[in-house]
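# Examination of the molecular architecture
The chain contents come next:
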Number of protein chains: 2
Amino acid sequence: MNTIRLHKEHLQQFISAEELSDIRKEVLAAKQTLVSCTGKGNDFLGWIDLPQDLSPEIIKSIKNDVSALAPKASLFVVIGIGGSYLGARAVIEALQSEFASMENNSHPYVIYAGHTLSEDYYHQLLQMLDTHDYALAVISKSGTTTEPAVAFRIIKAHLEQKYGKSAAAERIIAITDARRGALHDIAKQEGYRSYVIPDNVGGRFSVLTPVGLLPIAMAGYDIEKLIKGACDMREICTTSDTLEENPALMYAAIRNILYRKGRKVEILENFVPNLKYISEWWKQLYGESEGKEGKGILPHSLSFTTDLHSMGQYVQEGERLMFETVISVAQPRHQVTIPSDPQNLDGINYLLGKTLTEINHNAELGTILAHVDGGVPVLRIEIPTVDEYVLGQLIYFFEFACGVSGYMLGVNPFDQPGVEAYKKNMFRLLGKPGYEK
Amino acid sequence: MNTIRLHKEHLQQFISAEELSDIRKEVLAAKQTLVSCTGKGNDFLGWIDLPQDLSPEIIKSIKNDVSALAPKASLFVVIGIGGSYLGARAVIEALQSEFASMENNSHPYVIYAGHTLSEDYYHQLLQMLDTHDYALAVISKSGTTTEPAVAFRIIKAHLEQKYGKSAAAERIIAITDARRGALHDIAKQEGYRSYVIPDNVGGRFSVLTPVGLLPIAMAGYDIEKLIKGACDMREICTTSDTLEENPALMYAAIRNILYRKGRKVEILENFVPNLKYISEWWKQLYGESEGKEGKGILPHSLSFTTDLHSMGQYVQEGERLMFETVISVAQPRHQVTIPSDPQNLDGINYLLGKTLTEINHNAELGTILAHVDGGVPVLRIEIPTVDEYVLGQLIYFFEFACGVSGYMLGVNPFDQPGVEAYKKNMFRLLGKPGYEK
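Residues numbered from 1 in each chain as written. Chains lettered and ligands numbered in written order. Predicted model: local features only at pLDDT ≥ 70, side-chain atom pairs only at ≥ 80, totals over all residues. Heavy atoms only, no water.

## Things to note about the interface of chain A and chain B
Rules: Any pair of residues with heavy atoms lying within 4.5 Å of one another is described as a contacting pair. Once two parts are put together, the accessible area they lose, assessed with a 1.4 Å probe and summed over both, is termed the buried area. The rule for a salt bridge is simple: a side-chain nitrogen of Lys or Arg has to be within 4 Å of a carboxyl oxygen of Asp or Glu. For this classification, the nonpolar set comprises Ala, Val, Leu, Ile, Met, Phe, Trp, Tyr, Cys and Pro, the charged set comprises Asp, Glu, Lys and Arg, and every other residue, Gly included, is treated as polar.
Contact residues are listed per partner, giving 128 residues for chain A and 128 residues for chain B. Interface of chain A and chain B: buried area, both sides summed, is about 10900 Å²; carbon and sulfur atoms make up 62% of it. By the criterion of area lost to chain B, the three top residues of chain A are Glu119, Arg153 and His309 of chain A, representing 9% of everything that side buries. The interface formed by chain A and chain B includes six salt bridges. The residue aspartate 120 of chain B makes a salt bridge to arginine 333 of chain A at a minimum N-O spacing of 3.2 Å. Of the residues belonging to the side of chain A that touches chain B, the class tally is 57 nonpolar, 46 polar and 25 charged.

As structure tokens, this is what we get:
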């Protein structure tokens, strides 16, 4: 099998066959609303057909940019916030070594900016950039979002001082609106290479546009395989009306049943730490799509087994607020042998002959059984391995399920009105022209 | 001011003066139970007097180990899980540059193992260790906890192959039980330098023992200042019975009032990303201490402003399950200027003349006001800056408040019975002798 699969055998005591069958109509109606573009937020559904509609010219252009910049940059700074960096970071961190920053890589190591206002962070960043060759992408629809705008001013000045204005311009790629906006205008004026963020794709659904694809390719990963994975999952998600065959529909069904039964928190879990940023990307996708009108499941995430020695106690015996969704990786990419020790003082000789992954899978099953015993429903999403093709599937699966789930909840899954609230206050406090009152 | 302070002005519409005054007796009773060592789990209260009781010989010995190992190791591997690494990691990541792994440092860069069973992780780790000089600490009370035991076997074999058995032994420090256990026996047999984990200090309260102090010192930070901060906070926490003067009592009071009013999730937030692992340490401290008997506040954490463009929508408009606790840093350690740009295409010239920290503080206030408007209580913990002294205060503050809060909840805050559940299942599944049934 090389397709992601849902396993719901650990939900049996929490969800009956009848409940699943009762909700089927509702799931299919939500799916129909989504694919027919007749629901709320239907001007932001460009992501549905993105994987198959992506033009070969964009792929080619991205590859050219990688060829041009990779040889002269050991670092690539991605300036963006929220959906402008989380998708790329999720894919890159899933694929690269945990120690990539300390190794010599064939491609630039990607670092991030424009996602914080920490003064210490920018000091540390500039100090480090002093001694490294770098290039950058600045990603913003408008170009006026405070965090990336501030970061771009600071880093652009550093880059121009380091290489001179015209050589610096060759190291900058803008990803922005097709026709208007501050970043569009700056890119035009300065002659930056640039890519378009499609009008009909919101930030949290943008990883399969140049927003995600350029940084992922720059880090050395195969974006065509990523897109192929998304295309194949699109085929399943959009065509099948059978819950048992369409994992996105089943996921949407299960989480809505559990939510209606009072499970107001979903914990996304992994047993391999390189999926940590997949959880961060997922939190934005679901939190921002569903958390409105006083409704929505609160997204949470944990990394096991380490967090079994942290939040494990709570999940086992605390308030029964939550359900868990485990991303389970069937095959690792590498092998490591546990050395034998005749003395066996540590008592782990009984593990000899088992792979680490076998031990990890038993930790996972042991955890699931313990938590179910403790009264927590657990859904398992099995992925064949961690590679570009599988990540493409996983991304599309989560996106499609999110659209269906949001419509089932009765909200517009494609807006984010609440994000403006802090900005308005901040602008007023900072005395931004037009916001003084 | 150089002491951490609680600000509760944004709680006014959620907690009345009467509610606070009503709970006062209960808070003081819990404090009394704690300091008189008369409550549940009172054989694990060694942490209360740790900061002042720490022997100068231990500090001296740690400094000697740092002097001996730092010149010959660019990396220091800390092998431990849960409380055996989270405290050290929280302090080190708060103090070091975000880009420390990419810089030449005067002290070893600390990396972590024994906190995962991911096969890919160990493959990547060994590959990286091939090309770096390193030393390690292995931290385990028993020496038989699966994750660190497996990691130690793997890395010990690598180290011995790299340097030879006797030179490898000089690069290994064991932190374990004083008298018994597998790691104690291995250390004795192999002649490792070793430190004791006190019997009366649980893992999640152990950061001010050698468990935390050795790695923190190895990374180049001043553990005496850290301890001084904890001592000074201990004085305040243990002596003052006035909620307004004792931040630990006030924090315990507020979170219990909010919990009883249905706020079942606490989100710990920062506006500077280097505090991320303070949140991870805090999650273990509170989740493991309080999440039992079907009770306890579910710990969650976010990093702002980045997560305002992710989970911000949910906090603003989703289910009203939560309250927020913001760790607010008054002073940065460094300064960065925003360059001016006469064209002002990005429209941020109105920020010129303001420091980044000033902008960040206004983002923080703007966020708090927006969330309070949205119906979320917000508590603010102001810390003067991020240094060893302040972190020592913060650690002790959270620990003391946790003890008081746990007693108010009616649980034993110092055990973790639920952590055994997954282990028992895993041992059975793996066929560990004695667990086959």
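## Focus: the sheet that holds strand 1 (residues 5–7) of chain A
Residue and element names in this part refer to chain A. For clarity, the threshold we go by: Here a strand pair is declared whenever DSSP counts at least two bridges between the two strands. Counting from the N terminus, the helices are DSSP H or I runs at least four residues long and the strands are E runs at least two residues long. Angles shown run from 0 to 180 degrees and are taken between the N-to-C directions of axes, each axis being a line fitted to C-alpha atoms and, for helices, limited to the stretch in contact.
Reading across from one edge, 1-10-9-7-8 is the order of the five strands in this open sheet, with mixed pairing throughout. Pairing within the sheet leaves two strands with one partner each, and these edge strands are strand 1 and strand 8 (298–303). With direction set aside, neighbouring strand axes in the sheet form an average angle of 25 degrees. The sheet contact formed by strand 7 (residues 265–270) and strand 8 spans six bridges and is parallel. Paired with asparagine 270 across the two strands is serine 303, which belongs to strand 8. Sitting on the sheet, helix 15 (residues 388–409) touches strand 1, strand 7, strand 9 (322–329) and strand 10 (378–383), and the angle it makes with strand 10 is about 145 degrees.

## Observations regarding helix 4 (residues 86–95) of chain B
To keep things clear, this is the line we draw: Each residue's exposure class comes from its accessible area (1.4 Å probe, protein chains only) as a fraction of the maximum for that residue type: buried when under 20%, exposed when over 50%, partly exposed otherwise.
Burial analysis of helix 4 of chain B places ten of its ten residues in the buried class, which makes it a mostly covered element. Close packing links the buried residues of helix 4 of chain B with strand 3 (109–113), helix 9 (210–218), helix 10 (223–239), helix 12 (276–290) and helix 15 (388–409) of chain B.

## Quick notes on the domain arrangement of chain A
Residue and element names in this part refer to chain A. Rule in force here: All the domain ranges listed were derived from an automatic or database domain assignment. Throughout this description, a polar contact denotes any pair of N or O atoms lying within 3.5 Å of each other; where both atoms belong to protein, one of them has to be capable of donating a hydrogen while the other can accept it, and for residues adjacent in sequence the pair is counted only when both atoms sit in side chains.
The assigned domain composition of chain A is domain 1 (5–38 + 226–413) and domain 2 (50–221). Between domain 1 and domain 2, the contact holds 27 residues from the first and 22 residues from the second. Summed over both sides, the interface of domain 1 with domain 2 buries roughly 2300 Å², with 67% coming from carbon and sulfur. Contact with domain 2 buries surface across domain 1, with Ile227, Tyr277 and Gln284 losing the most and accounting together for 27% of the total. For the pair domain 1 and domain 2, the interface holds one salt bridge. We note a salt bridge from arginine 204 to glutamate 288, for which the minimum N-O separation is 3.0 Å. At the junction of domain 1 and domain 2, the tally comes to ten residue pairs in polar contact (both at pLDDT 80 or more). Elements with a minimum of two residues in the side of domain 1 that touches domain 2: helix 10 (223–239), helix 12 (276–290) and helix 15.

## A word on the pairing of strand 7 (residues 265–270) of chain B
One face of the sheet, then the other: side chains in a regular strand alternate in exactly this way. Residue and element names in this part refer to chain B. Note the following rule: Throughout, right-handed denotes a crossover for which the path from the first strand over the helix to the second runs clockwise when the strands point away from the viewer.
When you tally the buried positions in strand 7, you get six out of six residues, the bulk of the element. Every second residue of strand 7 is oriented toward a common face, with Val265, Ile267 and Glu269 on one face and Glu266, Leu268 and Asn270 on the other, all of them buried. Taken together, strand 7, helix 12 and strand 8 (residues 298–303) form a β-α-β motif whose crossover is right-handed. For strand 7 and strand 9 (residues 322–329), the ladder comprises six bridges, and the chain directions are parallel. Bridge assignment links valine 265 to a residue of strand 9, and that residue is methionine 322.

## Concerning the packing of helix 10 of chain B against helix 15 of chain B
All names here are of chain B. Convention followed: Roughly parallel refers to an angle under 35 degrees, roughly antiparallel to one over 145, roughly perpendicular to one between 65 and 115, and oblique to any angle outside these ranges. Rotating anticlockwise by less than a right angle from the far helix to the near helix defines a left-handed crossing, while the corresponding clockwise rotation defines a right-handed one.
The N-to-C vectors of helix 10 and helix 15 enclose an angle of 40 degrees; their axes lie 6 Å apart at closest approach. Judged on the interaxial angle alone, helix 15 and helix 10 are oblique. Seen along the crossing, helix 10 lies across helix 15 with a hand that is right-handed. In this structure, helix 10 uses Lys225, Leu226, Lys228, Gly229, Ala230, Asp232, Met233, Arg234, Cys237 and Thr238 to contact helix 15, whose residues at the interface are Glu388, Tyr389, Leu391, Gly392, Gln393, Ile395, Tyr396, Phe397 and Phe400.

## Some words on the pairing of strand 8 of chain A
Burial analysis of strand 8 of chain A places six of its six residues in the buried class, which makes it a mostly covered element. Of the two faces of strand 8 of chain A, the one carrying Leu298, His300 and Leu302 of chain A and the one carrying Pro299, Ser301 and Ser303 of chain A are both buried.

## Let's talk about the side chain of glutamate 160 of chain B
Residues and elements named next belong to chain B. The topology assignment puts glutamate 160 in helix 6 (residues 146–163). Of note is the side chain of glutamate 160, whose polar atom sits 3.3 Å from the side chain of lysine 165. Setting aside anything within four residues of it in sequence, one finds glutamate 160 in contact with Lys165, Ala168 and Tyr192.

## Looking at the pattern of salt bridges
If you walk through the whole model with that rule in mind, you get 56 salt bridges over all chains. Aspartate 346 of chain A is the salt-bridge partner of arginine 153 of chain B, the closest N and O atoms lying 2.8 Å from each other. Separated into two different chains, arginine 153 of chain B in helix 6 and aspartate 346 of chain A in the loop between strand 9 and helix 14 (356–373) make up a pair that spans both. For the pair formed by arginine 153 of chain B and aspartate 346 of chain A, the shared burial category is buried.

## Brief notes about the environment of leucine 369 of chain B
Here leucine 369 of chain B lies in helix 14 (residues 356–373). As a C-alpha pair, leucine 369 of chain B and proline 273 of chain B span 96 residues in sequence and 21 Å in three-dimensional space. If we skip the residues at most four places from it in the chain, leucine 369 of chain B touches Asn425 and Arg428 of chain A together with His10 of chain B.

## Some details on the nonpolar core
Note the threshold: In these notes, a set of buried Ala, Val, Leu, Ile, Met, Phe, Trp, Tyr and Cys residues joined through side-chain atoms within 4.5 Å is what counts as a nonpolar core.
Counting residues in hydrophobic clusters, the biggest one holds 335 residues, and the most contacted among them are Trp47 and Phe398 of chain A together with Trp47 and Phe398 of chain B. Not counting the four nearest positions on each side in its chain, phenylalanine 398 of chain B is found in contact with Tyr251, Leu268, Trp281, Trp282, Leu285, Tyr286, Ile327 and Ile381 of chain B.

## Re the sheet that holds strand 1 (residues 5–7) of chain B
Residue and element names in this part refer to chain B. Spatially, 1-10-9-7-8 is the arrangement adopted by the five strands of the open sheet, whose pairing is mixed. A single partner strand is all that each edge strand has here, and the edge strands are strand 1 and strand 8. On average, each strand axis in the sheet is tilted by 25 degrees relative to the strand beside it, whichever way the strands run. Taken strand by strand, helix 15 contacts strand 1, strand 7, strand 9 and strand 10 (378–383), and its axis lies near 145 degrees from that of strand 10.

## Re the relation of the copies chain A and chain B
The test is simple: A residue counts toward the fit only if its pLDDT is at least 70 in both copies, and the copies are then superposed by least squares on the C-alpha atoms of those residues.
Rotating chain A by 180 degrees and moving it 0.0 Å along the rotation axis overlays it on chain B with an RMSD of 0.0 Å. Given the turn and translation reported, the copies of this chain are related as if by a two-fold rotation axis. Mapped onto chain B, 100% of the interface residues of chain A are again interface residues, and the two copies thus contact each other with one and the same surface.

## Some remarks on unusual backbone geometry
Residue and element names in this part refer to chain A. Between phenylalanine 304 and threonine 305 the backbone carries a cis peptide bond, its omega angle lying at 5 degrees. Relative to the helices and strands, threonine 305 is located in the loop between strand 8 and helix 13 (312–317). With phi around 55 degrees, glutamate 293 is a residue other than glycine that occupies positive phi space. Following the sequence through the fold, glutamate 293 ends up in the loop between helix 12 and strand 8. The backbone of asparagine 344 sits at a positive phi, close to 55 degrees, despite the residue not being glycine. Counting through the fold element by element, asparagine 344 comes out in the loop between strand 9 and helix 14. The class of asparagine 344 is partly exposed, set by a relative accessible area of 26%.

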